[in-house]
Amino acid sequence: MSSDDQNYIKIPSPPFDSISSVRYSPTNPDQLLVASWDTVCAQSRLVYRYNIPFSQTVRFYEVGDKGSKESEAKAKFDHRAAVLACCFSDATHAFSGGIDTYVRQLDLATENITSLGSHSDSVSTMIYSREANSLITGSWDRTLRFWDPRAATAQRSSHETPERIYQMDVVNNTLVVAMASRLFRIYDIRNMDARPQDRDSSLKYMTRSLACMPDGQGYATASVEGRIAVEYFDPSEAMQEKKYAFKCHRQTIDDVDHVWPVNALAFHPTYNTFVSAGSDATLSIWDHKVKKRLRQYKFNSPISSLAFNCDGTKLAIAASYTWDEGEAGLKTAERPMVLVRKLGDEVKPKGKAN
């Protein structure tokens, strides 16, 4: 599917290097953050191939609409190293973290950057909890940390985990943390000192993506080996019997099975359907209740990140090289882009379409 399709808005001035994260505002359906990453090797080859400047950034956009209001790049925040994670707290503030270990607050109106503190290794993931009124960060240093930027000492607490943290998500007061060695921890953020619920992944390979169901029932997780698992929080035997896993983002080419990582998952905020996207450059919409794929779309580049806006009318899609094919893949890699799809009945469960 081409980027000039009528259902897509192409965001101007995208990052020059691979995109690590796209995140919408929790309150404004048109505010979007985009974070980009690099490594010394990757940056020198990808950036100089296109003769563009060295940059690691978080960019802030106002997403418009075709034929009326154009999308606009409102602010750009330069960082010293790759940015791996970003999120909003409100309409005027956001946060970022990455390879240089620092956690930063971003003032979207003034473009000022405030350092809140740091981990002892890279910040791999972050999310803002409105219930706890706190920023929560996860790191390869095997800690979860809670932050309040209004306090004199921004870091409120630190909690050790058994492995490096890769991904996390929160719904209501339930925090799900995906770690190395296929480990998961489920916390009640109202009492972080209580014993968490520990689980092993239902998938055999490394966790790549995670998203919680907006109805608070459970979460979906995906691996580097083209599989998705649907899990439920309730530990009762009856509920655990409902969990399942399935193959996806795979293709047979010349009688050879090709399997790609599932890089991103996102649940629709109203309909509880979810989307997945991978290094195979495809995006799929799933109704997990009936275990069916509703739609599939093909793009020109791997998809590294996804995000629904707060009212579920748009889906941000980060299309950029994900280094699954190493340096050889650069020969055919396209410039990164951010597309926003305007949504309709395709995200509704079967039987609910107008």
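The residue numbering used here restarts from 1 in each chain and proceeds along that chain's sequence as written. Local features are withheld for residues below a pLDDT of 70 in this predicted model, meaning they are given only at 70 or higher, and side-chain atom pairs are given and counted only at 80 or more; totals for whole chains, interfaces and linings count all residues. For side-chain calculations, the full set of non-hydrogen atoms in the structure is used, while hydrogens and water are omitted.

Attention now goes to the overall build of the protein. Of the regular secondary structure elements, the protein holds two helices and 30 strands. A compact globule built from 354 residues should have a C-alpha radius of gyration of about 20 Å, and the protein, at 19 Å, falls within 12% of that. Seen through its principal axes, the protein has C-alpha atoms that stretch 55 × 50 × 40 Å. Here the term buried applies to any residue with accessible area under 20% of the maximum for its type, exposed to any over 50%, and partly exposed to those in between, with areas from a 1.4 Å probe on protein chains only. Out of the 354 residues belonging to the protein, those deemed buried represent 56%. Note that His is not counted, nor are the chain ends; the positive residues are Lys and Arg, and the negative ones are Asp and Glu. By convention, the charge on Lys lies at NZ, on Arg at CZ, on Asp at CG and on Glu at CD. Counting 43 positive and 43 negative side-chain charges, the protein places the centres of these two groups 2 Å from one another. Numbering of helices and strands runs from the N terminus; a helix is a DSSP stretch of H or I covering at least four residues, while a strand is a stretch of E covering at least two. Our radius of gyration is a C-alpha quantity, and the globule rule it is checked against amounts to 2.2 Å times the number of residues to the power 0.38.

This part covers the packing of aromatic side chains. The geometry of an aromatic ring pair is captured by two quantities: the separation of the ring centres and the angle between the planes. Only Phe, Tyr and Trp rings take part, Trp by its six-membered ring, and two of them pair if their centres are within 6.5 Å. Stacked means planes under 30 degrees apart, edge-to-face means over 60, and tilted covers everything else. Going through the model one piece at a time under the given rule, you end up with nine aromatic pairs. Through a chain of ring-to-ring contacts, three or more aromatic side chains come together here, namely F184, Y219 and F233. For the cation-ring pair, R59 lies above F16, with the distance from its terminal atom to the ring centre recorded as 5.5 Å. The ring of Y244 has K291 lying over it, and the distance from NZ or CZ to the ring centre is 4.5 Å. A ring is scored as having a charge over it whenever the NZ atom of a lysine or the CZ atom of an arginine sits within 6 Å of its centre and within 35 degrees of its normal.

In this section: the environment of Y219. For Y219, the location among the structural elements is in strand 19 (residues 218–223). On the accessibility criterion, Y219 (2% relative accessible area) is buried. Taking the C-alpha atoms as reference points, Y219 and E237, separated by 18 residues in sequence, lie 17 Å from one another. Note on contacts: a residue pair qualifies if any of its non-hydrogen atoms lie within 4.5 Å across the two residues. Among residues more than four places away in sequence, those in contact with Y219 are V176, F184, I186, R199, L210, A211, C212, M213, A229, V230, E231 and F233.

Counted residue by residue, strand 25 (residues 274–278) has five buried out of five residues, so it is predominantly covered. Alternating positions in strand 25 separate into two faces, F274, S276 and G278 on one and V275 and A277 on the other, with burial throughout. In this scheme, strands are said to pair when DSSP sees at least two bridges between them. Sheet analysis places strand 24 (residues 262–267) next to strand 25, joined by five bridges and oriented antiparallel. Across the sheet, residue A266 finds its bridge partner in strand 25, namely V275. Counted between consecutive antiparallel strands, the loop separating strand 24 from strand 25 contains six residues, among which N272 sits at a positive phi close to 65°. As paired strands, strand 25 and strand 26 (residues 282–287) are joined by four bridges and run antiparallel to one another. Note that in strand 26 the partner of V275 across the bridge is I285.

A few words on the pairing of strand 10 (residues 123–129). Within strand 10, seven of the seven residues are buried, leaving the element largely enclosed by the surrounding structure. Sheet analysis places strand 10 next to strand 11 (residues 134–139), joined by six bridges and oriented antiparallel. In the sheet register, I127 faces strand 11, and the bridge partner there is I136. Where strand 10 hands over to strand 11, the hairpin turn is made up of four residues, of which N133 adopts a positive phi near 50°.

Here a cavity denotes a set of grid points, spaced 1 Å apart and computed over the protein atoms alone, in which a 1.4 Å probe fits but from which it cannot get out, and a pocket denotes an open set meeting protein on both sides within 12 Å along at least five of seven lines; residues with an atom within 4 Å of a point are reported as lining. Grid points are joined across faces, edges and corners, and a volume is the space filled by probe spheres set on the points. Empty space within the second largest pocket amounts to approximately 310 Å³. Around the second largest pocket, the lining is made up of 19 residues, and of these S279, N300, S301, P302 and E325 lie nearest the centre.

Before going further, it helps to spend a moment on the confidence of the model for the protein. As a per-residue quantity, pLDDT reports the predictor's confidence and falls between 0 and 100. Per-residue confidence for the protein gives a mean pLDDT of 91; residues scoring 70 or more make up 93%. Across residues 39–54 the pLDDT falls below 50, and counting only partners more than four positions away or on other chains, this stretch makes 31 contacts in the model.

Spatially, the four strands line up as an open sheet ordered 18-19-20-21, and their pairing is antiparallel. The strands lining the two open edges of the sheet, one partner per strand, are strand 18 (207–212) and strand 21 (244–247). On average, each strand axis in the sheet is tilted by 15° relative to the strand beside it, whichever way the strands run. In terms of strand pairing, strand 19 meets strand 20 (residues 227–232) through five bridges, oriented antiparallel. By the bridge assignment for strand 20, A222 is matched with I228. To obtain each axis, a line is fitted to C-alpha atoms, and for helices this fit is confined to the stretch in contact; angles are then taken between N-to-C directions over 0 to 180 degrees.

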